[in-house]
Structures are given as C-alpha cells and as structure tokens.
Amino acid sequence: MYTGGYARFILVFLCFGFLSSITYRYQTILKAEVSDAFLCIKFWLALYVGKKFFTKIDMQKYASKIYFHVKCITILYGVLIFIDYSLHIFQATERYGLRSEQLMYTHPTVLVACCVFLIMIFLSLTNYVKGSKKYIIILLLVMGSTLRSKAFGAALAIILIYYFVFVRKKKITLRTMLLFIPLVVILGWDQIQYYFFSSIIQDSARYQLLTKAFKIARDIFPLGTGFATFGSYYSGVYYSSVYAVYGLSNINGLRIGASQFVSDSFWPMILGQTGYFGLLSYILAIAMLFKAIQGIRKVENSYYAAAMSGICYLMIVSTAESAFVHPVAVPIAMMIGAFLGKCE
C-alpha cells in the first residue's frame, strides 16, 4: 500500500534553501542556517520517528488506559476554563470584549494545538471505547474559548471530518477540503480584513512579510534569500540583513532586538527563503502526505479521522502562524506517522 513519497520533495526543498544560502549569503552564520533548516524539516522527521517507533503500539490493547488519562486532562481543561472566567487566575488577552483564554500556556494558539492533539487521540480511540464524543465537544469548546479565528476554523474542520468519516462513512477528498475554505474565510474574515485591508497594513508585520515574500521571489528568481533570512525564528535571533534591504527593519515586531512577530506566518517564510520552486516542493510534499493519509482509511477509519484532523489543523493555522515549524507540530506529526506506519 502506498504510504510515502513526500521525502523526495522535502529534499528538493532543502536543496533550494541551501543553494539560496550559499549563493546570496544574506545570513553569514552557519549555525543559524543549519538550525533554521532543521526547524523547517522537523515535522517531517517527526513523521519518520512516529512511523518507526510508535506504529507497533497496540491502540486497542491500551485504549482504556489512554482514554482515562486523556479524559482527565480534558476535564481539567474544562474546570480551569470555568474557574478562570470567574477568578481570572491566568494571564489572558481580550478579544471582542471577552477574555481570550490561554490557561497556563504562553499563547492561546498553544492551548488550541494541545486541544487538537487530545482530540486526535480521542478520534483514534473511537472504535475501541465509548464516550469520546462528549470529551471531544468539551475540547472544541475550550478551543472556542480562545476566541481565535484559527481555533474556530480548526474546530469546524474537525466537526466536518467527524461527520464525513463516522456518519457519512466517506473519505475526505480534495474536493471535500475545498468546502472548508469558504467557511474558514467567513469565520476569520474580521482578522483577514484587519491585517490585510485596514489602515494598519503599512505597519503590519504579517502583511509586510507576505507582500515582501512575493517581491523577494520575483527579484531573485528562481531562488530565495536562504535559510534564517526571512520570516523565520532564527532570522530574528541572528538578525537578517534582508529586513533592512527590503525596508522591514522599522516595522513593528520586525525590528532588531524586538522581532517578536518575525515568525508570525509560515508560507511567506517558505517563499521568501527558498523561492517559488522551494514553495512548490513544500506544497507537493504536503499533497503527497495527504495522499498517503488516504491509505489509513483502509486500515482503520478512526486513525484516518485523527490523521486528517491533524493535517487540516496545521494547514488552517499555517495561514497565520508558524504551523509546521512550531514545536506543537512535532507530537501531531508523530501521531500521524504512527498511523501511516500501520498501512505498511
């Protein structure tokens, strides 16, 4: 059964990244370039680790134990959210006049990612234990408590995946996923309008990174500026000269010593650092991963629903955060990898 094909595209992506680095030398620190390259591929390495080390775990044998522990964490989340609404014991920002919950985490998006990971576990156990649905609903509500547009979009995607896989008994095709796009856009339209069509665009890191990524890709076609030079964490730690070259060093959140928004997006980083061919390679790798995940359905539909939820979540949040290079992408990748391994 076909379960791979994405590795060769990631290798091509790496080649374009390092070729860009060697050719233009915008980043002069080798440690920064290698570290950034690792960040870009750690999701794919985690897939491999999942396939090699976690595939043989007998989910049916340990289902009740796993279910118990994940249930306890879910109940704890629910209780803490309820308490925090009343007592405000955790740090939180405000959105739409309400608290945007993040509990003990550094940002609401981390809480969302943890909820998605727990939902993936519940989905994978659906055929082995009863009662998962109510805890999935609790986690979806916890995601909603962050009031993030990405959380609403991810929650809606998970609900649709559950409906198609367990109710309609159908697989999630590319055509099905296209149905998610207008719904996600509607849910996040206020944020899209704010970041890309309002008066703040001249000082919006997200808008400027996106537009300058296309300019970079045109200016130095077919390559990019190289690893650790644009839109990545290490381009801020080892401040990249690209930001000054393209007039971004005075943008809020992109300044030297205050570059907290430098990795606030994903696709501009891929496009700016590796060019159009690097971007195409990465997209093809994700497409091949999606194709491989389709094979999981023939083994176990609950694993399939879990894997689809993980990849759909990452695709949704990749529009407005670091997504595939974020630390929380690693456990999601390991779980997807473990399910892919069961197809072999």
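In the block above lies the structure referred to throughout.
Just so we're clear, the structure is a prediction, and the values are computed from it rather than from any experiment.

Conventions adopted
- Position numbers for residues count from 1 along each chain, tracking the sequence in the order it is written.
- Given that this is a predicted model, residues contribute local features only at a pLDDT of at least 70 and side-chain atom pairs are listed and counted only at 80 or more, while totals for whole chains, interfaces and linings are drawn from all residues.
- Side-chain calculation: all heavy atoms of the structure are included, whereas hydrogens and water are not.
- Elements are defined by DSSP. Helices are runs of H or I of four residues or more, strands are runs of E of two residues or more, and each kind is numbered from the N terminus.
- Restricting the calculation to C-alpha atoms gives the radius of gyration, and the globule rule supplies 2.2 Å times the number of residues raised to the power 0.38.
- The rule is simple: take the accessible area with a 1.4 Å probe, protein chains only, and divide by the maximum for that residue type; under 20% is buried, over 50% is exposed, in between is partly exposed.
- Two residues qualify as a contact provided that any one of their heavy atoms is within 4.5 Å of a heavy atom in the partner residue.
- Calculation of accessible area relied on Shrake-Rupley with a 1.4 Å probe; when residues are assessed, cover is drawn exclusively from the protein chains displayed.
- Positive charges are assigned to Lys and Arg, negative charges to Asp and Glu, while His and the chain termini are left out of the count.
- Note that the charge is assigned to NZ on lysines, CZ on arginines, CG on aspartates and CD on glutamates.
- Helix axes use the C-alpha atoms of the stretch in contact, all axes being lines fitted to C-alpha atoms, and the angles between their N-to-C directions lie in the range 0 to 180 degrees.
- A crossing counts as left-handed when the near helix is turned anticlockwise from the far one by less than a right angle, and as right-handed when that turn is clockwise.
- Any Phe, Tyr or Trp ring, taking Trp's six-membered ring, that has another such ring centre within 6.5 Å forms a pair; planes under 30 degrees apart are called stacked, those over 60 apart edge-to-face, and the others tilted.
- Two N or O atoms form a polar contact when they lie within 3.5 Å of each other; inside protein one atom must be a possible hydrogen donor and the other a possible acceptor, and for residues adjacent in sequence the pair counts only when both atoms belong to side chains.
- Here the word oblique covers every angle except those under 35 degrees (roughly parallel), over 145 (roughly antiparallel) and from 65 to 115 (roughly perpendicular).
- Note on residue categories: nonpolar means Ala, Val, Leu, Ile, Met, Phe, Trp, Tyr, Cys or Pro, charged means Asp, Glu, Lys or Arg, and polar means any other residue, Gly included.
- Exposure above 30% relative accessible area and the lack of any salt bridge qualify a residue for a patch; like charges then connect within 9 Å, and the nonpolar side chains Val, Leu, Ile, Met, Phe, Trp and Tyr within 5 Å.
- Salt bridge, as used here: a side-chain nitrogen of Lys or Arg that lies within 4 Å of a carboxyl oxygen of Asp or Glu.
- To count as a disulfide, a pair of cysteine sulfur atoms needs to be within 2.5 Å.

With that settled, the discussion passes to the overall build of the protein. Secondary structure summary: the protein contains 14 helices and two strands in total. Relative to the globule expectation of 20 Å for 344 residues, the C-alpha radius of gyration of the protein, 20 Å, shows essentially globular dimensions. Along the longest, intermediate and shortest principal axes, the C-alpha atoms of the protein span 60 × 50 × 35 Å. When each of the 344 residues of the protein is scored for burial, the buried share is 55%. The long-range fraction of contacts in the protein, counting pairs at least 24 apart against all pairs at least 6 apart in sequence, stands at 73%. For the protein, the computed accessible surface area is about 15,700 Å², with 67% contributed by carbon and sulfur atoms. Here the protein contributes 31 positively and 13 negatively charged side chains, and the mean placements of these two sets differ by 11 Å.

At a minimum axis separation of 10 Å, helix α3 (residues 59–87) and helix α5 (residues 132–144) run at an interaxial angle of 40°. α5 is crossed by α3, and the crossing has left-handed handedness. Along the contact surface, α3 presents Y67, K71, T74, I75, Y77, G78 and I81, while α5 presents S132, K134, Y135, I138, L139 and V142.

This part is about the packing of aromatic side chains. What characterises a pair of aromatic rings is the spacing of the ring centres plus the angle enclosed by the ring planes. The tally for this structure, following the rule as stated, stands at 28 aromatic pairs. Between Y234 and Y238, the aromatic rings sit 6.2 Å apart at their centres with planes inclined by 20°, giving stacked as the arrangement. By relative accessible area, Y238 is classed as partly exposed at 22%.

Turning our eyes to something else, we now look at the environment of S232. Relative to the assigned elements, S232 resides in the loop between α9 (205–219) and α10 (233–237). Those residues in contact with S232 that lie beyond four places of it in its chain are D36, Y243, V262, S263, M269 and Q273. Of the polar contacts made by the side chain of S232, one reaches the side chain of Q273; its length is 3.1 Å.

A cis amide bond links F221 to the next residue, P222, at an omega of 10°. Here P222 is to be found in the loop between α9 and α10. At K169, a residue that is not glycine, the phi angle is positive and equals roughly 60°. A positive phi angle is found at A323, which is not glycine, with a value near 45°. Structurally, A323 can be placed in the loop between α13 (301–317) and α14 (329–341).

The next thing to look at is the packing of helix α4 (residues 108–124) against α5. At a closest axis distance of 9 Å, the pairing of α4 and α5 adopts a crossing angle of 170°. The angle between the axes of α4 and α5 places the two elements in the roughly antiparallel class. The two elements α4 and α5 cross, and the hand of that crossing is left-handed. Here α4 contributes L111, V112, C115, V116, L118, I119, F122 and L123 to the contact with α5, which in turn contributes S132, Y135, I136, L139, L140, V142 and M143. When its residues are assigned to classes, the contact of α4 with α5 shows 14 nonpolar, one polar and no charged.

What follows concerns the side chain of D84. Inspection of the secondary structure puts D84 in helix α3. Given the relative accessible area of 0%, D84 is considered buried. A polar contact is formed between the side chain of D84 and the backbone nitrogen of I89, at a distance of 2.7 Å. From its side chain, D84 meets the backbone nitrogen of F90 in a polar contact 2.8 Å long. Look past the residues within four positions of D84 in its chain and what remains in contact with it is I89, F90, R99 and E101.

This brings us to a nonpolar patch on the surface. Together, L210, F214, F221, Y276, F277, L280 and L284 make up an exposed nonpolar region whose accessible area comes to about 590 Å². When residues of the nonpolar patch are traced back to their parent elements, those giving at least two are α9 and α12 (267–294). When residues in the nonpolar patch are grouped by element, the largest group, four residues, is from α12. Along the chain, the position of F277 falls in helix α12. Judged by relative accessible area, F277 falls into the partly exposed class, the value being 37%.

With that settled, the discussion passes to the state of the cysteines. Under the criterion given, the structure shown has zero disulfides. In this structure C15 is not part of a disulfide, and its nearest cysteine sulfur, from C40, lies 14 Å away. You can see C115 has no disulfide; the closest cysteine sulfur is in C114, sitting 7.1 Å from it. In this structure C115 comes out as buried when scored by relative accessible area, which is 0%.

A separate point is the pattern of salt bridges. Using the criterion set out here, one finds six salt bridges in the structure. In this structure, D84 and R99 form a salt bridge, with 2.8 Å as the shortest nitrogen-oxygen distance. Of this pair, D84 sits in helix α3 while R99 is found in strand β2 (residues 98–100), placing the two residues 15 residues apart along the sequence. In this pair, the class of D84 matches that of R99, namely buried. One network of salt bridges, with partners in common, ties together D84, R99 and E101.

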